[in-house]
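# Observations on the model geometry
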Amino acid sequence: MTLSKKPDTLTLVTGLVLLILFVLSLVLYIMDPYKQIQRKFLFVSEATMSLAGEVRSVPFSNDRERNIAAYIEELLLGPAALRLQSIFPENTRLNQLKLEDKVLYIDFSREMVFNLDNHPLTPVEIKDLVVDNLSVNFPGLEKVIITVNGLEPDFEIKE
């Protein structure tokens, strides 16, 4: 004697609803606008004045220029660890960022060079640390041009 049991309507509807929810959640996961990526941040140790690193999650996009801008914005926030010193003087902002081929143009606010009273780094050291951070996280950049309020400052140390 063979028992053939046909699924009832409730079971079919439940299965269909679960399948639809699974597909919807998979699509939302794949198209997640809040994707994150781990990036390395180099700061200066207050105690030793040597480089120290942090790893943080930052927003990820398929647009390289947006990824770099998000990284710079996070770098401007400074370190999470209290033992580390921010690269930038207080109130420094990112004015503009443009990536053309493998050349990156970054324009910072004037505070980067004019707000150095209680800041341990010189403008040359700040520029070098920005370039070092970008080199670690975004290989392939051939040149980074940093301007302040649209002008390219003379980063050379003059006595």
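For the structure itself, consult the block above.
In this report, we go over the structure that sits alongside the text. Every chain is numbered on its own, with residues counted from 1 as its sequence reads. Local features in this predicted model are restricted to residues of pLDDT 70 or higher, and side-chain atom pairs are both shown and tallied only at a pLDDT of 80 or more, whereas totals for entire chains, interfaces and linings draw on every residue. Only hydrogens and water are removed before side-chain values are computed, so all heavy atoms of the structure are retained for them.

## A closer look at helix H4 (residues 123-137)
Across its 15 residues, H4 extends 21 Å between first and last C-alpha, which sits within 8% of the 21 Å expected from 1.5 Å per residue. Accessibility here uses a 1.4 Å probe with only protein chains present; expressed as a share of the type maximum, an area under 20% marks a residue as buried, one over 50% as exposed, and anything in between as partly exposed. We count a stretch as a helix when DSSP gives it H or I for four or more residues in a row; a strand needs E for two or more, and each element gets its number in order from the N terminus. Among all positions in H4, only Val124, Ile126, Leu129, Val130, Asn133, Leu134 and Asn137 are buried. For H4, the elements touching its buried residues are strand S1 (36-45), strand S2 (51-59), helix H2 (64-77), strand S5 (103-108), helix H3 (111-114) and strand S6 (143-148). Any helix carries an expected span of 1.5 Å times its number of residues minus one. Contacts are residue-level and defined by heavy atoms, with any inter-residue pair within 4.5 Å sufficient.

## Here's the deal with the sheet that holds strand S3 (residues 84-85)
Strand pairing is assigned whenever DSSP identifies at least 2 bridges connecting the two strands. Reading across from one edge, S2-S1-S3 is the order of the three strands in this open sheet, with antiparallel pairing throughout. Because the sheet does not close on itself, it has two edges, and the strands there are S2 and S3. Across two bridges, S1 lies against S3 in antiparallel orientation. Residue pairing in the sheet places valine 44 in a bridge with glutamine 85 of S3. Axis definition: a line fit to C-alpha positions, over the contact stretch in the case of helices; interaxial angles, taken between N-to-C directions, run 0 to 180 degrees. Along the sheet, H2 makes contact with S1 and S2, crossing S1 at roughly 40 degrees. Sheet strands in contact with H4 are S1 and S2, and its direction is about 150 degrees off that of S1.

## Regarding the pattern of salt bridges
Basic side-chain nitrogens of Lys or Arg form a salt bridge, by our definition, when they fall within 4 Å of a carboxyl oxygen of Asp or Glu. On inspection of all chains with the given rule, the structure shows five salt bridges. The salt bridge partner of glutamate 74 is arginine 56, with a shortest N-O separation of 2.8 Å. You can see glutamate 74 sitting in helix H2 and its partner arginine 56 sitting in strand S2, a full 18 residues away along the chain. Between arginine 93 and glutamate 111 there is a salt bridge, with its nearest N and O atoms 3.4 Å apart. Of this pair, arginine 93 sits in the loop between S3 and strand S4 (94-100) while glutamate 111 sits in helix H3; the two residues are 18 residues apart in sequence, bridging distant segments of the chain. Look at glutamate 111 and you get buried, because its relative accessible area is 17%. What emerges from the salt-bridge pattern is a single network uniting Glu54, Arg56 and Glu74.

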